[in-house]
Structure formats: structure tokens, C-alpha cells
Amino acid sequence: MTALVFEAQGLSKQYPSGCALDKLSMRIEAGDVYGFVGENGAGKTTLMKMIGGLVHPTGGKMALFGEQGKTELIAARRRIGFLIERPSLYPQMSAQENLGFYSRIFGIRDKSRTAEVLQIVGLSEAGPKRTGEYSLGMRQRLGIAIALLNRPDFLVLDEPVNGLDPAGIVEIRRILEQLAHEQGVTILISSHILSELQLLAGKYGFIHQGRLVKEIDAAELLQSARTMICITTSDPATAADMLKRELEREDITINRKGQIEIPRDTVNLEQLMSALVQLGIPVDGFNLAAPNLEHYYMDLIGGGGR
Ligand SMILES: Nc1ncnc2c1ncn2[C@@H]1O[C@H](COP(=O)(O)OP(=O)(O)OP(=O)(O)O)[C@@H](O)[C@H]1O
């Protein structure tokens, strides 16, 4: 049986202004890279802060590494590394000095650990540089380095790639892949960049209004999400409206690339082709998009507009 790193049973957090977590139950097993998906305000950060002991539940139970008692939870948290929101850094201090500061807070005496974590996140050369001069991507990598100081078995990362450029996103992914695959670190990660999350995580939990509404793994995602037909045309908005009327269907949408999208499994290809010809819609390109996390999520929460 695989060991459980985290287990929540009916966890709730009620604020005077509303409910942030509503009887949420979930499990994370050792070795999982667990992607946490949900719209703004769904409750992801609240749960992560609860794991860190920064927010106290108003209901339910949780266990870390199988431990539930108050004292045991405090001890279990020493096995966890956190990057929740942005790392708190002293801008006038170098990365090495910031890490030295956190090492003292965490009670880490091993001085060589600073150089090790800088190396893991690819900041060895920039270690002596003041962090005020760091790019956002470098600050996030340093945030991960801080989270790694205590050699955690479990990493909790709240939107670590938020706001990063594509190169910065890839760098973080490589670091996390290495930690997960080579060192067996269990990871809970939230992100709104679902295409990126799909590349990293093997399991996904979908949270909506404080409840875990669905959990799937990567294989289930591929089986259950739809393959889409993508049509490139000069005026997709008008063309999509015409197609909707002609084919009498509402599930014709426009994706981020500005292509018209239609679910492959429910459309009659012959009918679609003749509609395109009849309506005089110029087709500049035609391709299939593999099932992806974004489609799955939009289907799950009943959203259109992808
Ligand atoms: N300290 C607080 N006091 C009152 N309400 C709060 C507090 N912290 C969070 N909330 C509320 O709890 C709900 C869940 O917030 P949370 O930050 O956990 O969501 P999230 O899924 O992390 O969202 P995002 O993707 O925007 O970070 C929101 O409605 C939020 O306004």
C-alpha cells in the first residue's frame, strides 16, 4: 500500500464573509505530483495554508504523513517545503544571505545546504547577487530553493509559475521534474496555466467553491477529455456564429489561438464539411487537438468560451 503524505477528511474553513473550504476530502500519496485546479477564490491557497498550519480548519480533520495530533502535525511540517504566494526576500541581501537567514529560522546548521539548493535551482552563479536585482523568475526559483532547505519529502507550491515568461516557466518545470522523478519528492502544485500543469502533474484535483469536485489521473484525462477539431479561418467569430446556426449546436467555440473548435466525437464530419462550403467559410487550416486539461476543466465546470 502506498503511504499517504496528506489526507483531508471533511476539511472546512468558514470565514465571517463566507466559506473558503466546504467539507473537502482528498488524499495525496507518496510520489504523487498533484495538480490543484480551480478558479480564483476556489480555496486552493486556503488548503495549502492549512497544510502549513497558517490557517486553522473550522471543521474536519487532516493528517500529514499519517499524523493527526497537534504536536505530531508540527513535527510533520518539518518534512514539508512551502512556496505560498511570493517568497519573502530581503532585497538588499544576496540570495546566499537570504538562504542563510531562512536556514537560521528553520534551525538548519549544515552550511553547505545553501550552495546545494542554489545549485538545484540553477542559481549558483547568481548566489552572491542582491535579490533586489533578481528577475521574477529568479525570485521564484530562490523561493523554491528556500522551500528545499529542509530536504522536504513533500513540496507545496502555490502558483509558482504565475507571471513568469515562457523560459522561466520551463526552468521551474525542469527543477520540479527533477525533484519528483529523481528524488521522489511528492508535490502539490496549483496553477492557472493548465497546459503547463498537464506537462508536470500525474494527478489532478478540481476544486470549486471550496469542494473537491473531481479527481483524475493523467491516463483518465486522456481517455475522458475530448479531441477537438480546430479550424483556422479569417473571421472566426462570424464563422462560428454561422456554423452554430447551420449545425444547430451551441458547443462551437473559439480557442486561445483564435481557431474554431468543435468536439470531434459528436460532429458529423461530412455535415461539417458541407456546411463550411455552403456558408462560404474560407478554411486556412484544419487540425485535431488532443484531449487536454483545459478542455476537461471547461467541460467540468460547464464553461464555454475556450
Ligand atoms: N483571511 C481571509 N478572510 C476572509 N476570507 C478569506 C480569507 N482568505 C481567503 N478568503 C476567501 O476564501 C475564498 C478562497 O480563497 P483562496 O485564496 O483559498 O482561493 P484560491 O483558490 O487560492 O484563489 P486564487 O486562484 O485566486 O489564488 C475566497 O472567497 C477568499 O476571498
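Everything quoted here is computed from the prediction, not taken from an experiment. (Residues numbered from 1 in each chain as written. Predicted model: local features only at pLDDT ≥ 70, side-chain atom pairs only at ≥ 80, totals over all residues.)

Draft legend 1. View of the sheet that holds strand S8 (residues 203–208). Pairing is mixed across the open sheet formed by six strands, whose spatial order is S5-S6-S7-S3-S8-S9. In the strand order of this sheet, the two ends are held by strand S5 (80–83) and strand S9 (211–217), each with one partner. The mean inter-strand angle of the sheet, taken between neighbouring strand axes irrespective of direction, is 15°. The sheet contact formed by strand S3 (residues 33–37) and strand S7 (residues 186–190) spans four bridges and is parallel. Each residue of the ladder has a partner; that of glycine 35, found in S7, is isoleucine 189. Contacts from helix H1 (residues 44–51) reach S3, S5, strand S6 (154–158), S7 and S8 within the one sheet, and its direction differs from that of S6 by about 145°. Sheet contacts for helix H11 (residues 293–301): S3, S8 and S9; angle to S8, the most-contacted strand, approximately 35°. (Pairing = 2+ DSSP bridges. Helix = DSSP H or I, 4+ residues; strand = E, 2+ residues; numbered from the N terminus. Axes fitted to C-alpha atoms, helices over the stretch in contact; angles between N-to-C directions. Contact = placed C-beta atoms within 7 Å.)

Draft legend 2. Structural detail: the domain arrangement of the protein. Taken as a whole, the protein is organised into domain 1 (4–222) and domain 2 (226–290). Centre-to-centre, using C-alpha coordinates, domain 1 lies 40 Å away from domain 2. (Domains from an automatic or database assignment.)

Draft legend 3. A look at the site of the ligand. The immediate surroundings of the ligand are formed by Tyr15, Ser17, Gly18, Ala20, Gly38, Asn40, Gly41, Ala42, Gly43, Lys44, Thr45 and Thr46. Of all elements in the fold, only strand S2 (18–29) and H1 reach the threshold of two or more residues within the shell around the ligand. Tallying contributions element by element places H1 first for the shell around the ligand, with three residues. In terms of residue class, the shell around the ligand is built from three nonpolar, eight polar and one charged. (Near = placed C-beta within 6 Å. Nonpolar A, V, L, I, M, F, W, Y, C, P; charged D, E, K, R; others polar.)

Draft legend 4. Representation of the sheet that holds strand S4 (residues 59–64). Strand order in the open sheet made by the three strands is S2-S1-S4, with antiparallel pairing throughout. If you trace the sheet from one side to the other, it starts and ends with S2 and S4, each paired once. Averaged over all pairs of adjacent strands, the angle between their axes in this sheet comes to 15°, without regard to strand direction. Where strand S1 (residues 4–15) lies against S4, five bridges are found, and the strand directions are antiparallel. Directly across from glutamate 7, in S4, lies its bridge partner alanine 63.

Draft legend 5. Looking closely at unusual backbone geometry. In this structure, lysine 23 is a non-glycine residue whose phi angle is positive, near 50°. Looking at where lysine 23 falls in the secondary structure, it is placed in strand S2. Although it is not a glycine, glutamate 85 adopts a positive phi angle of roughly 60°. Considering the arrangement of structural elements, one finds glutamate 85 in the loop between S5 and helix H3 (95–106).

Draft legend 6. Structural view of the pairing of S1. In the sheet, S1 pairs with S2 via eight bridges, with the strands oriented antiparallel. Opposite leucine 11, over in S2, you have leucine 24 as the bridge partner. Where S1 hands over to S2, the hairpin turn is made up of two residues, counted between the paired strands.

Draft legend 7. Spotlight on the pairing of S6. Of all five residues that make up S6, five are buried, and the element is covered over most of its length. With burial as the criterion, each face of S6 is covered, one bearing Phe154, Val156 and Asp158 and the other bearing Leu155 and Leu157. Judged from the four bridges that link them, S5 and S6 form a sheet pairing that is parallel. Residue pairing across strands places leucine 83 opposite leucine 157, the latter belonging to S6. Bridge count between S6 and S7: five bridges; the pairing is parallel. Across the sheet, valine 156 pairs through a bridge with leucine 188, a residue of S7. (Buried ≥ 20, exposed ≤ 12 C-beta atoms within 10 Å, placed from the backbone.)

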